[in-house]
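Spelled out, the chains give:
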Amino acid sequence: MLAGRIENDVAVPPAGAPSAGSPPWPRPAYSWYVVGVLLLAYTLSFVDRMILSLLVAPIRAALDISDTQVSLLIGLAFALFYTLLGLPLAWIADRHNRRNLIVAGIGFWSVMTTLCGFAGSYATLFLVRMGVGVGEATLSPAAFSILSDYFPRDKLARAIAVYSIGVPLGSGIALILGSFVVQAVLAAAMVDLPFYGPIEAWRMIFVWVGAPGLLICLLMLTVREPFRRDVKRVDELALAGEGEAAPGLLAHLKRQRVALGALFLGMSLIGLVMYGVIAWVPTFFARTYGMEVSDAGLWFGVIMAIGGAAGLIAGGSLADRLYAKGVADSHLRVMRLSILLGAPPLLAAAFMPSSTLAFVMLACAFPMLTMHGVGTVALQLITPNQYRARMTALYFFIVNLTGLGFGPMVIALLTDNLFQDDGALRYSIAIVTAVAMPLAAIILTFGFKAFAGELTRISTEEDRDG
């Protein structure tokens, strides 16, 4: 037998050589260590992503810019490049070392975040904000692909659920941190930075959240690039007379259009609500109940961090248990369940007579709603290894562009144009929730059969090839 080569401490069989089967799965302890490192990176990415939205007032004052210009920094400068460049970066992840790509991305977005604090003009801040989006685009597509090679299918949902805790945890930390930003800026307008001199206090926030990225880079270097499982090499297939089994990404999309359509559309509608709510809840409490935005952000941040993490773990565990029992469409069923359980209390929160009851409703809603995070696991299960990073990037492109790009905007448009009253924000949140969530549940339900069929087909092919 021809000897295989070694890439990043991982044995890779030579092209055209007979397959000797995949190596054993890595030790569970080390696999969960990898999850922990990736979780830290994902958490940091959301802190870096959201922190600018909490510094609107000092940035406007320092750079003399408008609300519209600030909104471009928060949304377009980040989201557009994050989603568009995610596709070519995922192409790299599908073909080269994923660990090294993530290390480069963490280092780049951390440097760009730090440079936000030293931007002296709007144009400069826009450019470095774009850099944050470019760097963060490397993480999730490569991370999901890596985890799919560290965990078997019946344990993958829990692993990805733990990794996905970075979303509510990072968002919650950013909101909690933001609740103290105004007080910190008022208490010390200037900070004396060693080797640099006096600097405005708000600028130091970017330095504080950017610096830990360099430590995460070092931790990420301890992660080994795993063996790529379930990969069919084109030359091997040709030798076996099975060239048609590798049809290419576009053919793969066409074959799975029903299952992927249900998954992508369902998650996009959920994201529309979630991103919209996250953007407007602190303002909702200020306008409806007269709370300080900083206080509302603090409590909402705690709810997101704790409730969101609990929901992701619960959703992942439930999906794994159902999948192990033979429920092929278990992940889509858990997503629908998250809507059925979480949407009613979220809708009720908008109509509560007091801020306390509204927070109670949100605390009930978020653990349920974040169970939908198993959607990313569902995508990995029906995607061949050689397409996983690109499919994940396409998934985030559609879901994030819909949710992040339109969620906050749709709520604002309803408030400004339908109600023409800032105090009616609660009704705008309620309308978007009441329309989008049931529609998402219906779309996911229509995808059950197609998704289960794809899983059955893939399992049959693997059994045949094994």
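For clarity, every value in this text was computed on a predicted model and none was experimentally measured.

Trainee: Quick one: what's the story with the overall build of the protein, residue by residue and with numbers?
Mentor: Helix and strand counts for the protein stand at 22 helices and 4 strands. Counting only contacts in the protein whose residues sit at least 6 apart along the sequence, the fraction spanning at least 24 positions is 81%. Element-wise, carbon and sulfur atoms account for 69% of the exposed surface of the protein, whose accessible area totals about 19600 Å².

Trainee: Let's hear about the confidence of the model for the protein: which residues, and what values?
Mentor: Summary statistics for the protein give a mean pLDDT of 82 and a share of 87% for residues scoring 70 or more. In this model residues 1-20 is a low-confidence stretch, pLDDT under 50, and it forms 32 contacts with partners more than four residues away in sequence or in other chains.

Trainee: Residues and numbers for the packing of aromatic side chains, please.
Mentor: Given two aromatic rings, one states the distance between the centres and the angle between the planes to describe the pair. One pass over the full model with this rule turns up 17 aromatic pairs. Seen from their ring centres, phenylalanine 144 and tyrosine 163 are 5.4 Å apart, and the 80° between their planes marks the pair as edge-to-face. Of this pair, phenylalanine 144 sits in helix 8 (residues 139-150) while tyrosine 163 sits in helix 9 (residues 153-164), and the two are 19 residues apart along the sequence. For tyrosine 163, a relative accessible area of 0% gives the class buried.

Trainee: Account for the nonpolar core, naming residues and giving values.
Mentor: One finds Ile59, Ile102, Leu147, Leu263, Phe285, Phe300 and Leu362 to be the most contacted residues of the largest nonpolar core, which totals 136 residues. Counting residues per element, this core draws most heavily on helix 15 (residues 257-289), which supplies 17 residues.

Trainee: How would you sum up the pairing of strand 3 (residues 190-193)? Please name residues and give values.
Mentor: The pairing of strand 3 with strand 4 (residues 197-200) spans 4 bridges and is classified as antiparallel. In the sheet register, leucine 193 faces strand 4, and the bridge partner there is glycine 197. Connecting strand 3 to the next strand, strand 4, in antiparallel fashion are 3 residues, including phenylalanine 195 with a positive phi near 65°.

Trainee: Describe the packing of helix 16 (residues 293-324) against helix 18 (residues 355-369), with residues and values.
Mentor: Between helix 16 and helix 18, the least distance of the axes is 7 Å, while the angle of their chain directions is 30°. Relative to helix 18, the element helix 16 is oriented roughly parallel. In this structure, helix 16 crosses over helix 18, and the sense of that crossing is right-handed. For the pair formed by helix 16 and helix 18, the contact residues are Ala296, Trp299, Phe300, Ile303, Met304, Gly307 and Gly311 on the first element and Phe359, Leu362, Ala363, Phe366 and Pro367 on the second.

Trainee: Explain the side chain of serine 140 to me, using residue names and the numbers behind them.
Mentor: Inspection of the secondary structure assignment puts serine 140 in helix 8. The buried category is assigned to serine 140, whose relative accessible area is 1%. Those residues within four positions of serine 140 in sequence are excluded, and the remaining contacts are Tyr42, Tyr163, Thr392 and Phe396.

Trainee: An account of the environment of aspartate 154 is requested, with residue identities and associated values reported.
Mentor: Topologically, aspartate 154 is positioned in helix 9. As for aspartate 154 and leucine 322, which are separated by 168 residues in sequence, their C-alpha atoms are 9.2 Å apart. Leave out the neighbours within four places in its chain, and aspartate 154 touches Asp320 and Tyr323.

Trainee: Report on helix 12 (residues 212-220), specifying residues and quantitative values.
Mentor: Those residues of helix 12 that sit buried are Gly213, Ile216, Cys217 and Met220. Projected down its long axis, helix 12 carries its buried residues within an arc of 110°, all on one side. Within helix 12, the exposed residues directed more than 90 degrees away from the buried face are Leu214, Leu215 and Leu218. The secondary structure elements touched by the buried residues of helix 12 are helix 1 (28-50), helix 6 (98-116) and helix 11 (201-210).

Trainee: Please provide a residue-by-residue account of the side chain of asparagine 97, values included.
Mentor: Its location among the elements puts asparagine 97 in the loop between helix 5 (86-95) and helix 6. With relative accessibility at 14%, the residue asparagine 97 sits in the buried group. From its side chain, asparagine 97 meets the backbone nitrogen of asparagine 100 in a polar contact 2.7 Å long.

Trainee: An account of the pattern of salt bridges is requested, with residue identities and associated values reported.
Mentor: Counted according to the given criterion, the structure contains 9 salt bridges. As a salt-bridge pair, arginine 98 and glutamate 225 come within 2.7 Å of each other at their nearest N and O atoms. Placement of arginine 98 in helix 6 and of glutamate 225 in the loop between helix 12 and helix 13 (234-239) is noted, with a sequence separation of 127 residues between them. When sorted by exposure, arginine 98 lands in the same class as glutamate 225, which is buried. When the shortest N-O distance is used, the salt bridge between arginine 158 and aspartate 320 registers 2.7 Å. Pair noted here: arginine 158 is in helix 9 and aspartate 320 is in helix 16, with a separation of 162 residues, a long-range link. Aspartate 320 gets classed as buried once you look at its relative accessible area, which sits at 2%. Salt bridges linked by common partners bring Arg98, Asp149, Glu225 and Arg228 together as one network.

Parameters and conventions
- Residues numbered from 1 in each chain as written.
- Predicted model: local features only at pLDDT ≥ 70, side-chain atom pairs only at ≥ 80, totals over all residues.
- Heavy atoms only, no water.
- Helix = DSSP H or I, 4+ residues; strand = E, 2+ residues; numbered from the N terminus.
- Contact = heavy atoms within 4.5 Å.
- Areas by Shrake-Rupley, 256 points an atom, 1.4 Å probe, with all protein chains shown as cover.
- pLDDT = per-residue confidence, 0-100.
- Phe/Tyr/Trp six-rings, centres within 6.5 Å; stacked < 30°, edge-to-face > 60°.
- Buried < 20%, exposed > 50% of the residue type's maximum accessible area, 1.4 Å probe, protein only.
- Core = buried A, V, L, I, M, F, W, Y, C linked by side-chain atoms within 4.5 Å.
- Pairing = 2+ DSSP bridges.
- Axes fitted to C-alpha atoms, helices over the stretch in contact; angles between N-to-C directions.
- Parallel < 35°, antiparallel > 145°, perpendicular 65-115°, else oblique.
- Left-handed = near helix turned anticlockwise from the far one by under 90°.
- Arc of directions from axis to C-beta.
- Polar contact = N/O pair within 3.5 Å; in protein donor to acceptor, adjacent residues only side chain to side chain.
- Salt bridge = Lys/Arg side-chain N within 4 Å of Asp/Glu carboxyl O.

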